[in-house]
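Below are the chains, spelled out letter by letter.
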Amino acid sequence: MTATSAPAATAPADTTAPVLEVRDLVVRYGSGRRGRSAPPAVDGVSFDIWPGETLGVVGESGSGKSTIGKAVLGLHPPAGGTVKLHGRDITSLSLKQRSRLVADLRVVFQDPYSSLNPARTIGQTLVEPLRLLGLKGAEAWAKARAGLESVGLPGDAVDRYPTQFSGGQRQRIAIARALVCDPKVVVLDEPVSALDLSTQAQVLNLLADLRDQRGLAFMFIAHDLGVVRFLAQRSVVLYRGQVMETGPVEAVSSHSRHPYTAALTAAAPVPRPAEQALRRVAREALGIGSAGSAQPTAGGCPFAPRCPLATDVCVDERPALRPVDGKSVACHHAERVPQLLDRLTVPHP
Ligand SMILES: Nc1ncnc2c1ncn2[C@@H]1O[C@H](COP(=O)(O)OP(=O)(O)OP(=O)(O)O)[C@@H](O)[C@H]1O
Ligand code: SF4
Ligand SMILES: [Mg+2]
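Per chain, residues are indexed from 1 in the order of the written sequence. The naming scheme follows written order: chains are lettered A onward, ligands numbered 1 onward. Residues qualify for local features only when their pLDDT is at least 70, as the model is predicted, and side-chain atom pairs are given and counted only at 80 or more; totals for whole chains, interfaces and linings, by contrast, use all residues. Heavy atoms from the whole structure form the basis of all side-chain values; hydrogens and water molecules are not counted.

Engineer: Tell me about the site of ligand 1, residues and numbers included.
Structural biologist: Any residue with a heavy atom positioned within 4 Å of a molecule or strand is treated as near that molecule or strand. Neighbouring ligand 1 are 13 residues; S61, G62, K65, S66 and T67 lie closest to it. The side chain of S61 places a nitrogen or oxygen atom 2.5 Å from an oxygen atom of ligand 1. The definition of a polar contact used here is a pair of N or O atoms within 3.5 Å, where within protein one atom must be able to donate a hydrogen and the other to accept one, and adjacent residues in sequence count solely through side-chain atom pairs. A distance of 3.0 Å separates an oxygen atom of ligand 1 from a polar backbone atom of G64. Each accessible area is a Shrake-Rupley result for a 1.4 Å probe, and residues are judged covered by the shown protein chains and nothing else. In the complex, 56% of the free accessible area of ligand 1, which totals 630 Å², lies under the protein chains. Here the nonpolar group is Ala, Val, Leu, Ile, Met, Phe, Trp, Tyr, Cys and Pro; Asp, Glu, Lys and Arg are the charged ones; every other residue, Gly included, is treated as polar. When its residues are assigned to classes, the shell around ligand 1 shows two nonpolar, seven polar and four charged.

Structure follows, in structure tokens:
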């Protein structure tokens with residue numbers, strides 16, 4: 001990763017306190033009795049993000065990653081818990097009240113094709129959030145041009161339309177739109193998943209440089225532990241809306257102590273196809289790849305139906321997060337995970 005030596009674009013952030021604090025977040029979909037009885041999409045999630053830091057939020061499809069992002073951004077109301085920005089509780093603010101936070105809390109979505117309005121020029125798209133902040137005319141347009149240049153695009157791109165750009169360039173434009181108001185926190189919801197591998201690396205490098213220059217805090221959502229490892233300092237591993245493991249990203253991805261993280265690690269692509277095939281066989285033999293139709297018990301560990309280490313206590317008692325080897329792990333048998341990881345990542349002879 002290459003960090004540039006450009007000067008900070010904004011005043012240095014307060015690094016003595018978390019910029020975003022999420023506590024015991026619960027989010028449900030659906031309304032009325034049906035909504036209340038549905039299992040929550042996010043179930044008691046807590047984390048902090050500090051200025052200049054990237055927190056990776058990782059998990060399989062449907063694990064609740066985007067739902068956390070939506071609750072933080074105020075796009076879906078939480079059923080419980082709190083979200084604080086700069087120490088201020090923003091959990092229950094209306095969208096109108098939140099519009100004043102537009103400068104501090106921004107988002108980049110996964111799909112660079114649908115996230116930009118094809119009928120508007122890039123300049124119109126970038127100037128819109130600046131207008132909400134009271135910036136008008138030449139000043140707003142100059143900021144839009146500078147925003148494009150900060151992501152490696154020419155300032156005169158303001159006059160062009162989204163269809164005139166590649167996927168990678170559109171994602172740069174989406175990043176410029178998020179950063180043009182000098183935010184403190186950016187939710188990045190799978191920002192590189194739709195891009196090819198070489199474009200992914202360029203966009204990840206760009207994000208890292210911008211974060212380091214501006215002291216930005218990123219909540220970086222991804223499927224893939226490898227991608228999270230590239231950008232994040234800490235990570236949260238989610239399964240069925242609950243935190244399974246959290247801690248320094250290297251410790252979580254290389255020395256996981258939760259069977260689910262071990263399964264994600266073992267499922268990540270490896271360069272040798274023969275080894276990849278052996279890993280798949282090992283996952284299938286251990287039945288850790290999918291739970292099939294089996295559902296977890298309400299009071300037990302959500303991962304029990306597909307966990308090779310499950311015992312009676314796992315079915316009866318939901319494990320609390322507890323410290324294990326420098327991380328927090330929600331597993332009754334975390335100490336047995338290294339042997340499981342050895343079986344899942346068997347190297348090709
Ligand atoms: N608008 C909605 N209405 C009802 N259920 C929803 C809605 N959005 C998400 N869900 C459900 O909430 C759970 C979490 O979904 P979410 O989109 O947060 O997962 P995710 O981890 O972001 O998945 P992906 O990696 O596929 O984007 C899933 O079970 C999903 O089906
Ligand atoms: S608590 Fe039990 S079922 Fe859950 S992950 Fe740990 S060993 Fe597996
Ligand atoms: Mg998602």
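Engineer: Please set out the site of ligand 2 residue by residue, giving values where relevant.
Structural biologist: In the vicinity of ligand 2 there are 13 residues, among which C301, C307, C314, C331 and H332 approach most closely. Per-class residue counts for the shell around ligand 2 are 10 nonpolar, three polar and no charged.

Engineer: Describe the confidence of the model for the protein chain, and please don't skip the residues or the numbers.
Structural biologist: Looking at the protein chain, pLDDT values average 90 and 94% of them are 70 or higher. pLDDT is defined as a per-residue confidence score from the predictor, taking values between 0 and 100. By the convention used here, residues are in contact when the closest approach between their heavy atoms is within 4.5 Å. Low confidence marks residues 1-12, where pLDDT is under 50. Its contacts with residues over four positions away, or in another chain, come to 17 contacts.

Engineer: Give me the lowdown on the pattern of salt bridges, citing residues and values where you can.
Structural biologist: Basic side-chain nitrogens of Lys or Arg form a salt bridge, by our definition, when they fall within 4 Å of a carboxyl oxygen of Asp or Glu. Within the structure shown, the criterion is met by 14 salt bridges. The partner of E250 in a salt bridge is R229, with the nearest N and O atoms 2.8 Å apart. Of the two residues, E250 sits in helix α9 (residues 249-254) while R229 sits in helix α8 (residues 225-231), which places them 21 residues apart along the sequence. On the basis of relative accessible area, E250 is assigned to the partly exposed category, the value being 41%. Residue R279 pairs with E275 through a salt bridge whose shortest N-O separation is 3.5 Å. In this pair, R279 and E275 both sit in helix α11 (residues 273-286), four residues apart, roughly one turn of the helix. Numbering of helices and strands runs from the N terminus, with a helix taken as a DSSP run of H or I at least four residues long and a strand as a DSSP run of E at least two residues long. Throughout, exposure labels follow a simple rule: accessible area from a 1.4 Å probe, protein chains only, divided by the maximum for the residue type, with under 20% read as buried, over 50% as exposed, and the rest as partly exposed.

Engineer: Lay out unusual backbone geometry in plain terms, naming residues and giving numbers.
Structural biologist: The backbone of D24 shows a phi angle near 50°, a positive value even though the residue is not glycine. Within the secondary structure, D24 is located in strand β1 (residues 20-27). Notably, H86 is not glycine yet its phi reads approximately 50°, a positive angle. Mapping H86 onto the fold places it in the loop between β4 (80-85) and β5 (88-89).

Engineer: Kindly report on the pairing of strand β8 (residues 217-222), identifying the contributing residues and their values.
Structural biologist: For β8, a buried count of six out of six residues is recorded, marking the element as mostly surrounded by other parts of the structure. Neither face of β8 is left uncovered, since the one carrying A217, M219 and I221 and the one carrying F218, F220 and A222 both have all their residues buried. Only strands joined by at least two bridges in the DSSP assignment are considered to pair. Where strand β7 (residues 185-189) lies against β8, five bridges are found, and the strand directions are parallel. If you follow L188 over to β8, its bridge partner there is F220.

Engineer: Let's hear about empty space enclosed by the protein: which residues, and what values?
Structural biologist: The distinction between a cavity and a pocket rests on a 1 Å grid over the protein atoms alone: a 1.4 Å probe fits inside a cavity but cannot get out, while a pocket stays open yet meets protein on both sides within 12 Å along at least five of seven lines, and a residue with an atom within 4 Å of a point counts as lining. Grid points are joined across faces, edges and corners, and a volume is the space filled by probe spheres set on the points. As enumerated under the stated definition, the model contains two cavities of 30 Å³ or more in all. Of the pockets and cavities examined, the largest cavity occupies roughly 80 Å³. Along the walls of the largest cavity sit 14 residues, with P259, C301, C307, C314 and C331 positioned nearest its centre.

Engineer: Before we move on, can you summarise α11 with the specific residues and values?
Structural biologist: Along an α-helix, residues three or four positions apart point the same way, because every turn accommodates 3.6 residues. To estimate how far a helix should reach, multiply one less than its number of residues by 1.5 Å. The terminal C-alpha atoms of α11, which comprises 14 residues, lie 20 Å apart, in line with the 20 Å expected from a rise of 1.5 Å per residue. Buried positions along α11 lie against α10 (259-267) and α13 (337-344). After α11 finishes, the residue G287 shows a positive phi value of roughly 65°.

Engineer: How would you explain a nonpolar patch on the surface if you had to name every residue and give the values?
Structural biologist: On the surface, a cluster of nonpolar side chains totalling about 310 Å² of accessible area is made up of L75, L95 and F109. With respect to the helices and strands, the residue F109 is situated in the loop between β6 (105-108) and α4 (122-132). Overall, F109 belongs to the partly exposed group, its relative accessible area being 38%. Put simply, a patch holds well-exposed residues, over 30% relative accessible area, that have no salt bridge, with like charges counted together within 9 Å and Val, Leu, Ile, Met, Phe, Trp or Tyr side chains within 5 Å.

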